[in-house]
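Close look at the chain arrangement
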Amino acid sequence: MNTKQKFDNKTLAMGAVLTAIVIVLQYLGSFIHLGPFSVSLVLLPIVIGAALCGTAIATWLGFVFGLVVLISGDAAAFLAVNAVGTVITVLLKGAAAGFVAGIVYKALANKNKLVAVVAAAVACPVVNTGIFLIATRVFFWSTIKEWAGDMNTVKFLFVGLVGANFLVELAINVILSPTAVKLIDIIKKK
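A short tour of the structure in this document, coming up. Everything quoted here is computed from the prediction, not taken from an experiment.

Under the definition given, this model contains five aromatic pairs. With centroids separated by 4.8 Å and ring planes inclined at 65 degrees, the aromatic side chains of F78 and F140 adopt a geometry described as edge-to-face. Taken together, the positions of F78 in helix α4 (residues 76–79) and F140 in the loop between α6 (113–139) and α7 (141–148) put the pair 62 residues apart, joining distant regions of the chain. Neither F78 nor F140 differs from the other in exposure class; each is buried. Grouping aromatic residues by their ring pairs yields a cluster made of F78, F132, F139, F140 and W147.

Right, here's the structure in full:
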C-alpha cells in the first residue's frame, strides 16, 4: 500500500474478518493462563493483518485487542490500582504492537516476505510486552513491589509476571504467522 493507504473492498473485508478473529481469540485466550495473565493469542491476527492489510489495519487490530482486554475484565487487577494508567497502557500497547508490526513488515517485504513476516511476528510481542513493562514502572510500581513481597521486584516482574507469557506469545507468532500468511496468499491466488 502507498503512504495514503487506500482501502479496497478486499482489504476492508480482510480487516473485518481479522477484527472478529481478534475479539474471539482474546475471549478464548482469557481462559488460558500462564501465571497471572492470559496468553495473547490475538497477536497472530495482528501480524497477519500487518502483512496482508498494512499498518493502519494492524494498528486498528491492536487497538481492538486492547478494547477487548478492558471489556473482558482481563485487566481488572490493574484497573483497581490505576484506572487511567490501565486504559492508557492496554490501548497503547495493543495499537503500538500492531503499528510496529506493520512498519517492520513494510520495511522488509520488498526484500524477503518470509523474513518480513517473521520480523513482524517478533516485533509485535516485543512491543506489546515492552510497553507493558514500561507502563508497569510508570503506573503500577508500588503495587508490583507489594506483589513481589520478598522477591526482587524486577526479577518478579520478568519471571513471575511476563516471562512465560512472553515466550509463549513469541513462539506462537514466529511459528504460526508465516504459515498463516503463506496459506492466505495461496488462497488469494486461486
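Moving on from the coordinates now.
Moving on, we get to the nonpolar core. Residues V22, I46, I48, F65, Y105 and C124 are the most contacted members of the largest nonpolar core, which totals 38 residues. Looking at this core element by element, the count peaks at nine residues for helix α2 (residues 43–53). Apart from the residues lying within four places of it in its own chain, the contact partners of I46 are V22, A58, L61, G62, F65, G98 and C124. In terms of nonpolar packing, the next biggest core, distinct from the first, is built from 11 residues, I144, F156, L161 and V162 among them.

Moving on: a nonpolar patch on the surface. A cluster of nonpolar side chains, contributed by I23, Y27, W60, F63, L67 and I71, occupies part of the molecular surface with about 540 Å² of accessible area. If you tally residues by element for the nonpolar patch, the top one is helix α3 (residues 55–72), at four residues. Assignment of secondary structure puts L67 in helix α3.

What follows is about the packing of α2 against helix α5 (residues 83–109). Packing of α2 against α5 brings their axes to within 8 Å, and their N-to-C directions diverge by 40 degrees. In terms of orientation, α2 lies oblique with respect to α5. Where α2 crosses over α5, the handedness of that crossing is right-handed. For the pair α2 and α5, the contacting residues are I46, A50 and A51 in the first and G98, A101, G102 and Y105 in the second. Split by residue class, the contact of α2 with α5 holds five nonpolar, two polar and no charged.

With that settled, the discussion passes to the environment of V47. Examined against the element boundaries, V47 turns out to sit in helix α2. For V47, a relative accessible area of 1% puts it in the buried group. In the structure, V47 is positioned 73 residues away from A120 in sequence and 6.3 Å away in space, judged by C-alpha atoms. In this view, V47 contacts V117, A120, A121, C124, N173 and S177; residues no more than four positions away in its chain are not counted.

Turning our eyes to something else, we now look at helix α1 (residues 9–29). When the terminal C-alpha atoms of α1 are compared, their 29 Å separation across 21 residues agrees well with the 30 Å that a helix rising 1.5 Å per residue should span. Of all the residues in α1, the buried ones are T11, G15, L18, T19, V22, Q26 and G29. For α1, the angular spread of buried residues about the axis comes to 115 degrees, placing them on one side. α1 presents N9 and K10 as exposed residues on the side facing more than 90 degrees away from its buried surface.

At a minimum axis distance of 7 Å, the contact between α3 and α5 shows a crossing angle of 155 degrees. Between α3 and α5, the interaxial angle falls into the category roughly antiparallel. Remark: the crossing between α3 and α5 carries right-handed chirality. Across the interface between the two elements, T55, A58, T59, G62, F63, F65, G66, L67, V69 and L70 of α3 pack against T86, V87, V90, L91, K93, G94, A95, G98, F99, G102 and I103 of α5. Taken together, the residues that form the contact of α3 with α5 break down as 12 nonpolar, eight polar and one charged.

What counts, and at which threshold
- Residues numbered from 1 in each chain as written.
- Predicted model: local features only at pLDDT ≥ 70, side-chain atom pairs only at ≥ 80, totals over all residues.
- Heavy atoms only, no water.
- Phe/Tyr/Trp six-rings, centres within 6.5 Å; stacked < 30°, edge-to-face > 60°.
- Helix = DSSP H or I, 4+ residues; strand = E, 2+ residues; numbered from the N terminus.
- Buried < 20%, exposed > 50% of the residue type's maximum accessible area, 1.4 Å probe, protein only.
- Core = buried A, V, L, I, M, F, W, Y, C linked by side-chain atoms within 4.5 Å.
- Contact = heavy atoms within 4.5 Å.
- Patch = residues over 30% accessible without salt bridge, like charges linked within 9 Å, V, L, I, M, F, W, Y side chains within 5 Å.
- Areas by Shrake-Rupley, 256 points an atom, 1.4 Å probe, with all protein chains shown as cover.
- Salt bridge = Lys/Arg side-chain N within 4 Å of Asp/Glu carboxyl O.
- Axes fitted to C-alpha atoms, helices over the stretch in contact; angles between N-to-C directions.
- Parallel < 35°, antiparallel > 145°, perpendicular 65-115°, else oblique.
- Left-handed = near helix turned anticlockwise from the far one by under 90°.
- Nonpolar A, V, L, I, M, F, W, Y, C, P; charged D, E, K, R; others polar.
- Expected span 1.5 Å × (residues − 1).
- Arc of directions from axis to C-beta.

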